[in-house]
Amino acid sequence: MAAGVAAWLPFARAAAIGWMPVANCPMPLAPADKNKRQDELIVLNVSGRRFQTWRTTLERYPDTLLGSTEKEFFFNEDTKEYFFDRDPEVFRCVLNFYRTGKLHYPRYECISAYDDELAFYGILPEIIGDCCYEEYKDRKRENAERLMDDNDSENNQESMPSLSFRQTMWRAFENPHTSTLALVFYYVTGFFIAVSVITNVVETVPCGTVPGSKELPCGERYSVAFFCLDTACVMIFTVEYLLRLFAAPSRYRFIRSVMSIIDVVAIMPYYIGLVMTNNEDVSGAFVTLRVFRVFRIFKFSRHSQGLRILGYTLKSCASELGFLLFSLTMAIIIFATVMFYAEKGSSASKFTSIPASFWYTIVTMTTLGYGDMVPKTIAGKIFGSICSLSGVLVIALPVPVIVSNFSRIYHQNQRADKRRAQKKARLARIRVAKTGSSNAYLHSKRNGLLNEALELMGTPEEEHMGKTASLIESQHHHLLHCLEKTTGLSYLVDDPLLSVRTSTIKNHEFIDEQMFEQNCMESSMQNYPSTRSPSLSSHPGLTTTCCSRRSKKTTHLPNSNLPATRLRSMQELSTIHIQGSEQPSLTTSRSSLNLKADDGLRPNCKTSQITTAIISIPTPPALTPEGESRPPPASPGPNTNIPSIASNVVKVSAL
Amino acid sequence: MRGQSRKESLSDSRDLDGSYDQLTDSVEDEFELSTVCHRPEGLEQLQEQTKFTRKELQVLYRGFKNECPSGIVNEENFKQIYSQFFPQGDSSTYATFLFNAFDTNHDGSVSFEDFVAGLSVILRGTIDDRLNWAFNLYDLNKDGCITKEEMLDIMKSIYDMMGKYTYPALREEAPREHVESFFQKMDRNKDGVVTVEEFIESCQKDENIMRSMQLFDNVI
């Protein structure tokens with residue numbers, strides 16, 4: 001029952017009066033309207049725009065958000081209205097749906113935004129009215145294609161190490177850009193296709209005379225050379241075909257595909273020729289077979305996208321082409337008949353039969369006009385001119401359709417290519433955003449710990465270290481922090497794979513460098529490190545970092561062993577080591593972070609240094625190698641600097 | 001939405017001024033006629049004429065106007081609206097009978113006043129009023145008595161509304177048998193027709209009918 005006629009339900013029920021007197025049995029009881037409220041206006045405030053409607057209008061569709069009690073969740077007690085923080089433009093369409101029973105799709109609206117809104121209000125898009133349904137479906141299809149394109153190219157670019165050899169080979173065949181070997185193969189086959197085609201062509205060119213015999217085509221003069229060339233090409237093609245057959249994920253489907261048929265047809269004549277004897281009867285047929293060698297040129301379609309698009313266009317325009325052919329055939333038969341009978345009277349007429357006139361008609365209608373058959377009578381000339389005029393029209397009509405189809409497909413392809421090219425930039429943007437947020441978290445965490453530590457040390461004036469995050473940010477960070485606590489892990493660099501890569505000291509240094517940069521930037525009170533995320537990596541002290549950076553060797557800090565241990569287990573705690581010093585004024589300490597490596601470091605740094613270190617849990621000895629006298633396992637080298645400052649190490653666990 | 005008379009006058013004018021365009025004729029017609037708009041009498045007058053309250057009239061009018069923006073319902077529209085309540089069967093015949101019952105002045109269209117007047121009787125009238133209205137519905141040619149043929153038409157239209165897929169399946173002779181039992185109950189003097197007095201008297205004696213008539217009290 002359409003919603004629009006819901007208002008007529010009382011009428012329909014009243015109309016049942018006609019059944020009562022004829023009924024033989026008693027009627028069932030009517031449903032009681034328990035809370036028979038008077039119909040009231042309700043106010044729907046959508047992002048500030050107020051819509052008002054009757055309550056019963058909304059209750060027409062009880063399985064949507066507005067028609068059910070779900071809207072009570074959005075009721076604002078203070079203003080006595082229902083507030084939705086959504087797009088008011090789309091809401092207009094939604095409300096009209098309740099009012100009229102028809103859902104419309106506005107053309108200017110983005111399809112995914114519209115879908116989202118419909119999903120929010122619990123309305124199925126299938127009920128869009130006929131007037132707008134086609135447009136909606138078209139847009140939805142385009143969007144789906146775009147998404148599929150994205151997914152495809154994504155899949156193509158993913159490096160899945162788990163591909164089998166066969167799969168890698170197939171991928172190499174299908175996308176030559178995946179590896180250099182594939183690219184080489186691609187060009188080699190292309191080259192040989194060209195060679196083969198040129199050979200076939202040159203074979204037939206007359207090559208000059210051998211003394212004592214008539215002019216021969218090159219093919220017969222240098223038959224051995226051409227035979228060798230042909231053999232080489234066919235061998236390459238055969239190898240290629242067999243490789244593709246081996247690599248194909250579904251061999252049956254591959255065998256049936258167009259390209260493989262072309263491949264087979266291209267190489268078959270050669271093998272048949274080998275097998276064939278020089279029998280006179282079959283050599284004629286064999287010569288015909290050689291024609292098929294020209295199909296090798298179609299193998300180029302693997303190499304050229306334009307050719308593929310052309311083929312696809314012709315396939316998709318099959319109906320228009322069919323129409324063109326059919327109308328042409330009709331016209332040809334008509335005009336040929338007319339011309340035949342018109343020219344029948346004239347002597348020595350070339351129009352000997354109607355099929356013979358077909359040739360004239362075709363030549364005339366396509367405006368070729370060879371002139372080998374010309375009408376001589378007046379009637380013939382009149383009809384001949386009509387024929388040529390109509391030929392122009394008949395051919396010109398379906399051609400634009402084909403052209404527009406081709407153009408559409410071609411542009412679609414171009415758009416897809418453009419999207420793929422922009423995809424890199426897009427992904428980079430997304431990644432920056434993601435790392436940005438994780439950066440923010442780690443940043444704030446460090447600052448939070450910093451603040452805690454500073455409080456411990458009683459330096460109230462530095463409590464405002466770091467930027468103050470918004471409430472949402474801080475809540476988000478708190479959430480991530482809770483997760484860390486729950487799992488006992490903690491966040492690292494943005495690339496999760498980085499930490500599981502093989503342990504090389506290089507990584508550690510890389511991280512150290514980052515940390516160094518990070519800290520330097522922090523210390524210079526920049527708001528935000530724009531480089532990669534600060535990883536709470538092993539970073540005992542900036543001074544030592546400076547050292548390590550400069551030297552690039554593993555002057556390790558007891559923590560620097562951590563990559564190795566860290567890799568063994570991913571569990572880490574993060575701590576902040578605050579090394580107290582005589583003058584706990586952080587400003588100076590901050591500036592000390594800028595000290596160059598060749599400063600005397602320790603002795604000059606009479607300031608507290610904030611260091612963060614990652615300690616791997618499995619190392620059973622004390623969690624902080626730094627400052628501990630016990631050497632951490634696999635410590636590459638002692639750090640002589642550290643112990644000197646070890647006196648006032650205060651370990652503040654971040655967890 | 002065409003009234004019968006307007007259609008004729010329109011076709012005359014079409015021939016006269018030569019603006020009759022075969023291809024776009026129908027579209028132009030629609031534009032011309034859609035300007036017809038009927039407004040009901042004022043709310044107070046309707047309140048006096050019917051037994052509905054002001055609010056009820058408002059609700060009724062809003063629903064009425066929603067389906068019929070031009071203010072009047074013609075038979076086609078009426079049938080279409082009514083069929084939406086009975087998707088399975090064919091309610092067009094019964095809807096025609098209803099239309100004729102509502103269209104008291106027989107001008108081929110039901111205005112809001114007719115609509116509300118009929119509803120007022122059915123929903124707010126006395127039992128006798130309702131029975132009278134029902135009799136009026138059955139009396140297809142409005143001659144004061146119901147013949148067996150009229151009753152058969154009515155019965156068939158009611159059974160049509162059920163549609164084909166019923167359990168037990170509809171038998172051919174079911175309407176006729178039903179008519180027979182109806183006449184047996186209602187036709188006192190066995191003269192083959194049922195007059196209004198016989199009808200009301202018989203209905204008042206039947207408890208089921210009396211009880212079902214009271215169902216209409218709470219419809220709106």
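Residues numbered from 1 in each chain as written. Chains lettered and ligands numbered in written order. Predicted model: local features only at pLDDT ≥ 70, side-chain atom pairs only at ≥ 80, totals over all residues. Heavy atoms only, no water.

Visitor: Help me out: how do you make sense of the confidence of the model for chain A in this one?
Guide: Detailed reading of the predicted model is not advised wherever pLDDT is low. Residue and element names in this part refer to chain A. Chain-level pLDDT for chain A is 72 on average; 65% of the residues reach the 70-or-more range. Helix H15 (residues 354-365) holds the highest mean pLDDT among the elements of chain A, 93, whereas strand E7 (residues 572-579) holds the lowest, 40. Long-range and interchain partners of residues 459-467, a stretch whose pLDDT sits below 50, account for 19 contacts in this model, where long-range means more than four residues apart. Within the model, pLDDT remains below 50 along residues 493-655, and this stretch shows 306 contacts once partners closer than five positions in the same chain are excluded. (pLDDT = per-residue confidence, 0-100. Helix = DSSP H or I, 4+ residues; strand = E, 2+ residues; numbered from the N terminus. Contact = heavy atoms within 4.5 Å.)

Visitor: Even after reading the chapter, I still don't get the pairing of strand E1 (residues 41-46) of chain A, so can you show me in this structure?
Guide: Each regular strand displays side chains that alternate between the two surfaces of the sheet. All names here are of chain A. Burial within E1 is extensive, with five of its six residues counted as buried. Here E1 runs beside strand E2 (residues 49-54); their pairing, made up of six bridges, is antiparallel. In the sheet register, Val 46 faces E2, and the bridge partner there is Arg 49. In this antiparallel pair of consecutive strands, E1 and E2, the connection spans two residues, and Ser 47 shows a positive phi of 50 degrees. Pairing of E1 with strand E4 (residues 81-84) involves three bridges; the strand directions are parallel. Within E4, the residue paired with Asn 45 across the bridge is Phe 83. (Buried < 20%, exposed > 50% of the residue type's maximum accessible area, 1.4 Å probe, protein only. Pairing = 2+ DSSP bridges.)

Visitor: Would you mind showing me how to read the pattern of salt bridges here?
Guide: Pairing between side chains of opposite charge can happen when the charged atoms of each approach one another. A full pass over the atoms with the stated rule returns 26 salt bridges over all chains. The residue Arg171(B) makes a salt bridge to Glu173(B) at a minimum N-O spacing of 3.4 Å. By relative accessible area, Arg171(B) is classed as partly exposed at 44%. According to the relative accessible area criterion, Glu173(B) is partly exposed, its value standing at 38%. A network of salt bridges, in which partner residues are shared, links Glu240(A), Arg244(A), Asp263(A), Lys299(A) and Arg302(A). (Salt bridge = Lys/Arg side-chain N within 4 Å of Asp/Glu carboxyl O.)

Visitor: I tried to follow the interface of chain B and chain A on my own but got confused; where do I start?
Guide: Where the parts come together, the accessible area they lose is often given as the size of the interface. Every contact between the two is made by 46 residues of chain B and, on the other side, 34 residues of chain A. Taken together, the links from chain B to chain A amount to zero salt bridges. Residues that form the side of chain B that touches chain A fall into these classes: 33 nonpolar, seven polar and six charged. (Nonpolar A, V, L, I, M, F, W, Y, C, P; charged D, E, K, R; others polar.)

Visitor: What exactly am I supposed to notice about the UniProt feature "transmembrane region" (unreviewed entry) in chain A here?
Guide: Residues and elements named next belong to chain A. As recorded in UniProt, the feature "transmembrane region" (unreviewed entry) lies at residues 181-202, 222-243, 255-276, 321-342, 354-370 and 382-403. As annotated, residues 222-243 has a helix share of 95% and a strand share of 0%, and its two end C-alpha atoms lie 32 Å apart. The span residues 354-370 is 71% helical and 0% strand by assignment, and the distance between its end C-alpha atoms comes to 18 Å. (UniProt positions renumbered as here; feature names shortened; annotations may be inferred.)

Visitor: Any chance you could explain the UniProt feature "domain: EF-hand" (unreviewed entry) in chain B here in plain terms?
Guide: Residue and element names in this part refer to chain B. The UniProt record annotates "domain: EF-hand" (unreviewed entry) at residues 90-125, 126-161 and 174-209. With 72% helix and 8% strand, the stretch residues 126-161 has end C-alpha atoms that lie 28 Å from each other. For residues 174-209, the end-to-end C-alpha separation is 20 Å, with 72% helix and 8% strand making up the annotated structure.

Visitor: Quick question: what am I supposed to make of the sheet that holds E2(A) here?
Guide: Residues and elements named next belong to chain A. Spatial strand order, E2-E1-E4-E3: four strands in an open sheet with mixed pairing. Strands at the two margins of the open sheet, each flanked by one partner only, are E2 and strand E3 (75-76). Across the sheet, helix H3 (residues 88-100) lies against E1 and E2, angled at about 5 degrees from E2, the strand it touches most. (Axes fitted to C-alpha atoms, helices over the stretch in contact; angles between N-to-C directions.)

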